[in-house]
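A closer look at the structure
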Amino acid sequence: MQYVIVFLEGIITFISPCLLPMLPIYISYFAGGGERSVKKSLIGAFGFVTGFTLVFVALGALAGTIGGLLSRYETMVNLISGLIVILFGLNFLGILKIHLFRGSKRAVQTDNMGFFSSVLFGIIFSIGWTPCVGAFLGSALMLASQQGHVAEGMLMLLAYSLGLGIPFILSAVLIDYLKGTFDFIKRNYDIVNKISGGLLILIGILMATGLLGRLLGLLS
């Protein structure tokens, strides 16, 4: 169940206000800045997703390691992790203004982006856009740290990366047909942010109280 949660967090990250509006630009990068080719865009998208997945999974391994070292302080780890996620949620609701999560809008110049250069682009994305995706990425990392194992931490962030990456890959092929859907999401960003914030606060409360672990135990 926890993997479903972080997978959904990845999807919500994809439609966030600082990422979705940049999608046509990313697709243009994958196509090499020229006439769009589905095959070329798809190869670029796979490389891009591979790049940020490598970084996020490595972060998951780190979170799992730290969580394992702190396993004897489980109650304190749960409380701190939950409070951090609650802060992320309050930021989405606009109650708190955490400027750290504003992201960068710098353009990346490229004339011919192949698979490996797209992997590098994905790695740069994962680092440079951490403030933008930070709320849900941070929530996924907090959940990974609660697992207390390197392998589970890696799997947790792999699930998050799939939630973020699958829409990217589908968009590379279907962006011409999804314009109306994207426009609808953009018009309703206020609702999206409120739902996202509420979800984060709920997860944070469950984490802080230890109820999330019990709930997942019942569902497993």
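Below: a short report on this structure. Please read all numbers here as calculations on a predicted model, not as lab measurements. (Residues numbered from 1 in each chain as written. Predicted model: local features only at pLDDT ≥ 70, side-chain atom pairs only at ≥ 80, totals over all residues. Heavy atoms only, no water.)

Glancing now at the overall build of the chain. A count of helices and strands for the chain gives 10 helices and zero strands. Ordered by position from the N terminus, the helices and strands of the chain form the series α-α-α-α-α-α-α-α-α-α. For the chain, the residues scored as buried account for 48% of the 220 residues in total. Pairs at least 24 residues apart make up 85% of the contacts formed inside the chain by residues separated by at least 6 positions. Summing over all exposed atoms, the chain offers an accessible surface of approximately 11100 Å²; the carbon and sulfur share of this is 71%. (Helix = DSSP H or I, 4+ residues; strand = E, 2+ residues; numbered from the N terminus. Buried < 20%, exposed > 50% of the residue type's maximum accessible area, 1.4 Å probe, protein only. Contact = heavy atoms within 4.5 Å. Areas by Shrake-Rupley, 256 points an atom, 1.4 Å probe, with all protein chains shown as cover.)

Further remarks concern helix 9 (residues 189-209). The terminal C-alpha atoms of helix 9, which comprises 21 residues, lie 30 Å apart, in line with the 30 Å expected from a rise of 1.5 Å per residue. For helix 9, the set of buried residues is Tyr189, Val192, Asn193, Ser196, Gly197, Leu200, Ile201, Ile203, Gly204, Leu206, Met207 and Ala208. (Expected span 1.5 Å × (residues − 1).)

Another aspect to go through is the side chain of Ser171. Mapping Ser171 onto the fold places it in helix 7 (residues 150-174). With a relative accessible area of 1%, Ser171 lands in the buried category. Engagement of the side chain of Ser171 in a polar contact is seen with the backbone oxygen of Pro167, the distance being 2.7 Å. (Polar contact = N/O pair within 3.5 Å; in protein donor to acceptor, adjacent residues only side chain to side chain.)

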